[in-house]
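Structure assessment
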Amino acid sequence: MLSRLLLQSATCYRRLPNACYFAPQLSAPVSPAPSPSITRFFSSSSSSQIPNSSFVEHVGDEEDQTTSPPTAAISVDRSGLYNPPEHSHAPSSDSELIKHLKSIIKFRGGPISVAEYMEEVLTNPKAGFYINRDVFGAEGDFITSPEVSQMFGEMVGVWAMCLWEQMGQPNKVNLVELGPGRGTLMADLLRGASKFKNFTESLHIHMVECSPTLQKLQHSNLKCKYEDNMDDKMNKRNVSTLAGTPVTWHAALEQIPSGSPTIIIAHEFYDALPVHQFQRVSHGWCEKMVDLAEDSLFRFVLSPQPTPAKLYLMKRSKWAATEEIAKLDHIEVCPKAMELTQTIAKRIGSDGGGALIIDYGMDAVVSDSLQAIRQHKFVNILDDPGSADLSAYVDFASIRHSAEEASGDVSIHGPITQSQFLGSLGINFRVEALLQNCTDEQAESLRTGYWRLVGEGEAPFWEGPDEQVPIGMGTLYLAMTIVNKRQGVPVPFK
Ligand code: SAH
């Protein structure tokens, strides 16, 4: 029987072209348990060299026979001058972002890295994919675990409470979420934890979000009120009425004041960080770049010379066995993930606390994983940039090495599968508790949501349309933690 509460339109997880649904909110107590210096490129899809003829051509002036000859006998030799491409003032149908990307490539006089392309496409302050709209859910482009079921945020809340206990129940803790999307995870976490006053009263929530639109949505979903601040009479502050906790928004982790123990949650944040892509050719590794194509669209090309990002490829390769690299023809590296991890590890190492990273990915070098999803379907990465989500597999091994390199005061645990993580924290008990007190429709939705979070492959109990069969994310998604060594091994990584 299909639940009427479930949305019927096909949606897909961030990574899976599959149907999925929203779960209704149920309540029951939660138990705590330098730009590339490249002059010539060749297409990545072929090994033959194709000159990049879209711009930077040195051509001689054609004499215009239709105009009268100049009156003074001065001739200017323009043969060596830069001749800009044809320029028209006719309105173009290109989006803001496409125009911007084209102008960067033209201004640079050469292609841009896949990482720069990805960063502009996702987070360009004016027209980036995330910046001006809600991209989640059935009406959006993809769906994530917190949107699948309230149990996800609740279980992350159980993890945070357990860690807080292990930290010695400090009375002032920064609870940081990186890339909170709609704010659903944090809302479910606070709702679930609201009965544990000692915990919630210790919290100051910090949301790290680049999108003004999503910040507003988070403010609304956390049911924030702007009210007087007892500690600082001069400044009012936002307080989430879900658990009476103050909430502050930031554009980057570095902006959050240090000095207090910190718990950091990064769910599907790392996969949105820009990756550089490399391809093996006869003379070594070349970086894949994005260039303008003849038809004025975009195309991939390979850099014939080493690019600055090659340093990160070398760094990543040192952390891998020679045989692991030898069998790959493509490699992705994510310098931003390395830098973010270092910032996290240093903060956790000095201030205490821990970070939880949940994402899809692997505990190994990532090969060629970058993908684009628009309205729940995989599309071409270069097609209409800004209208589709771009994301890449997370390299958990690189996160581990970056954290170890950054601080001797942290320990790294995992990755374990999402299924192990949620199972050990008691999601089975939680689903049972919720099933005690719900309608048939809600029960259907709970079972489906449960399967999506912890199951593997297609749900065996599904009786609805084939194209909407729930696919389990239980083993595709992995959980890793970075904690201050003082606290010992956190639940459930023991
Ligand atoms: N964690 C949420 C959303 C994941 S999508 C969930 O699981 O539902 C990625 C989120 O990170 C979005 O909120 C996006 O706006 C934000 N984001 C992406 N890149 C960012 C950056 N460089 N700085 C801050 N926020 C970023």
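Residues numbered from 1 in each chain as written. Predicted model: local features only at pLDDT ≥ 70, side-chain atom pairs only at ≥ 80, totals over all residues. Heavy atoms only, no water.

An unreviewed UniProt entry annotates the chain as Protein arginine methyltransferase NDUFAF7 of Carpinus fangiana. Looking at the chain in UniProt, the text filed under Subcellular location (unreviewed entry) is "Mitochondrion". (UniProt positions renumbered as here; feature names shortened; annotations may be inferred.)

Let's talk about the site of the ligand
Lining the immediate surroundings of the ligand are 17 residues, of which Thr-144, Gly-179, Gly-181, Glu-209 and His-267 lie closest. With respect to the ligand, the backbone of Cys-210 contributes an N or O atom lying 3.2 Å from a nitrogen atom. Within the contact set of the ligand, an oxygen atom lies 2.6 Å away from a side-chain nitrogen or oxygen of His-267. Its free accessible area being 570 Å², the ligand has 92% of it covered by the protein chains. Across the shell around the ligand, the residue classes tally to 8 nonpolar, 5 polar and 4 charged. (Near = heavy atom within 4 Å. Polar contact = N/O pair within 3.5 Å; in protein donor to acceptor, adjacent residues only side chain to side chain. Areas by Shrake-Rupley, 256 points an atom, 1.4 Å probe, with all protein chains shown as cover. Nonpolar A, V, L, I, M, F, W, Y, C, P; charged D, E, K, R; others polar.)

Examining the packing of aromatic side chains
Think of a pair of aromatic rings as described by two things: how far the centres are apart, and how the planes are tilted against each other in angle. Considering all chains together, one arrives at 9 aromatic pairs under this definition. When the ring of Trp-451 is compared with that of Phe-461, the centres are 6.2 Å apart and the planes differ by 85°; the resulting orientation is edge-to-face. Of the two residues, Trp-451 is situated in helix H14 (residues 440-454) and Phe-461 in the loop between strand E19 (456-458) and strand E20 (471-473); the sequence distance between them amounts to 10 residues. With relative accessibility at 18%, the residue Trp-451 sits in the buried group. Phe-461 sits in the partly exposed class, given a relative accessible area of 32%. Every member of this aromatic cluster is reached through a ring pair, and the members are Phe-129, Tyr-130, Phe-136 and Phe-142. Here the basic side chain of Lys-288 rests over the ring of Phe-300, its NZ or CZ set 4.5 Å away from the ring centre. (Phe/Tyr/Trp six-rings, centres within 6.5 Å; stacked < 30°, edge-to-face > 60°. Helix = DSSP H or I, 4+ residues; strand = E, 2+ residues; numbered from the N terminus. Buried < 20%, exposed > 50% of the residue type's maximum accessible area, 1.4 Å probe, protein only. Lys NZ or Arg CZ within 6 Å of the ring centre and 35° of its normal.)

Points about the sheet that holds strand E16 (residues 389-391)
Two strands in a sheet stick together by hydrogen bonds in their backbones, pointing the same way (parallel) or opposite ways (antiparallel). Strand order in the open sheet formed by 3 strands is E15-E14-E16, and the pairing between neighbours is antiparallel. Two strands close off the open sheet at either side, each with one partner strand: strand E15 (377-379) and E16. Put simply, the sheet's adjacent strands are angled 40° from each other on average, direction ignored. By the bridge criterion, 3 bridges tie strand E14 (residues 371-374) to E16 in an arrangement that is antiparallel. Of the residues in E16, the one forming a bridge with Gln-371 is Ser-391. (Pairing = 2+ DSSP bridges. Axes fitted to C-alpha atoms, helices over the stretch in contact; angles between N-to-C directions.)

A closer look at helix H5 (residues 184-193)
The buried fraction of H5 amounts to 9 of the 10 residues, a majority that puts the element mostly inside the structure. Of all the residues in H5, the buried ones are Thr-184, Leu-185, Met-186, Ala-187, Asp-188, Leu-189, Leu-190, Gly-192 and Ala-193.

Focus: the packing of helix H4 (residues 150-166) against helix H12 (residues 418-425)
Packing of H4 against H12 brings their axes to within 9 Å, and their N-to-C directions diverge by 70°. It follows from the interaxial angle that H4 and H12 lie roughly perpendicular. You can see that H4 and H12 cross each other, and the crossing is left-handed. Residue-level inspection shows Phe-152, Met-155, Val-158 and Trp-159 of H4 in contact with H12, the latter providing Gln-418, Phe-421, Leu-422 and Leu-425. Broken down by class, the residue content of the contact of H4 with H12 amounts to 7 nonpolar, 1 polar and no charged. (Parallel < 35°, antiparallel > 145°, perpendicular 65-115°, else oblique. Left-handed = near helix turned anticlockwise from the far one by under 90°. Contact = heavy atoms within 4.5 Å.)

Remarks on the packing of H4 against H5
Running from N to C, H4 and H5 cross one another at 60°; their axes reach a closest spacing of 7 Å. Like other packed secondary-structure pairs, H4 and H5 cross with a definite hand, here right-handed. Packed against H4, whose contacting residues are Gln-150, Phe-152, Gly-153, Glu-154, Val-156, Gly-157 and Met-161, the element H5 presents Leu-185, Asp-188, Leu-189 and Ala-193 at the interface. Taken together, the residues of the contact of H4 with H5 sort by class into 6 nonpolar, 3 polar and 2 charged.

Here we look at the environment of Leu-478
With respect to the helices and strands, the residue Leu-478 is situated in strand E21 (residues 477-484). With sequence-adjacent residues up to four places away left out, Leu-478 is seen in contact with Ile-357, Ile-358, Asp-359, Gly-361, Met-362, Asp-363, Phe-396, Pro-415, Ile-416, Thr-417 and Gln-418.

Quick word on the pattern of salt bridges
For the coordinates displayed, the defined rule picks out 14 salt bridges. A salt bridge links Glu-154 to Arg-430; the nearest nitrogen and oxygen atoms lie 2.6 Å apart. Residue Glu-154 is found in helix H4, and its partner Arg-430 is found in helix H13 (residues 427-435); the two are separated by 276 residues along the sequence. Among the residues examined, Arg-430 registers a relative accessible area of 4% and is labelled buried. We note a salt bridge from Asp-395 to Arg-316, for which the minimum N-O separation is 2.5 Å. One end of the pair, Asp-395, is in strand E17 (residues 394-395); the other, Arg-316, is in helix H8 (residues 310-318), with 79 residues separating them in the sequence. Arg-316 shares its class with Asp-395; the two are buried. (Salt bridge = Lys/Arg side-chain N within 4 Å of Asp/Glu carboxyl O.)

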